[in-house]
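Now for the letters of each chain:
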Amino acid sequence: MQFFGGYFHQDWTADDPTDEAVIVRFISNNPPETLNRVVKELDQFLSFKLTESELRSFLFDEFLCFYLPAEGSFQDWLIKVRRLLANAQKQ
């Protein structure tokens, strides 16, 4: 998923102070169609019911994401990201 590597790259904290700020920037920089596509991709990815270890591996190795959840699990964080993006679509 290009979203993670593009916005949560290795220097993401130089661009934004929090993961939520990254998501807000993504929302403000992209049209609704892009948000919809990322939400659908997240839905599909979450449907695989991967373990935490598998999620971490996909995020880091496949999606080139450098975000580590400070609290909770990768699953919890992905659900949060999906919720924020989906809520933005409704506005």
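Note that the structure is predicted; figures quoted are calculated from it, not measured.

*Asks:* Please give an account of the packing of aromatic side chains that cites residues and values.
*Replies:* On inspection of all chains with the given rule, the structure shows 19 aromatic pairs. Consider the rings of Phe45 and Phe48, whose centres lie 6.4 Å apart with planes at 85 degrees: the pair is edge-to-face. Overall, the relative accessible area of 4% leaves Phe45 in the buried class. With a centroid separation of 5.2 Å and an interplanar angle of 65 degrees, the aromatic rings of Phe45 and Phe63 are classed as edge-to-face.

*Asks:* Can you lay out the side chain of Asp19 for me, pointing to particular residues and giving the numbers?
*Replies:* For Asp19, the position within the fold is in helix H3 (residues 19–29). Side-chain polar atoms of Asp19 contact the side chain of Trp77, separated by 2.9 Å. A distance of 2.9 Å separates polar atoms of two side chains, one belonging to Asp19 and the other to Lys80.

Definitions and limits used
- Residues numbered from 1 in each chain as written.
- Predicted model: local features only at pLDDT ≥ 70, side-chain atom pairs only at ≥ 80, totals over all residues.
- Heavy atoms only, no water.
- Phe/Tyr/Trp six-rings, centres within 6.5 Å; stacked < 30°, edge-to-face > 60°.
- Buried < 20%, exposed > 50% of the residue type's maximum accessible area, 1.4 Å probe, protein only.
- Helix = DSSP H or I, 4+ residues; strand = E, 2+ residues; numbered from the N terminus.
- Polar contact = N/O pair within 3.5 Å; in protein donor to acceptor, adjacent residues only side chain to side chain.

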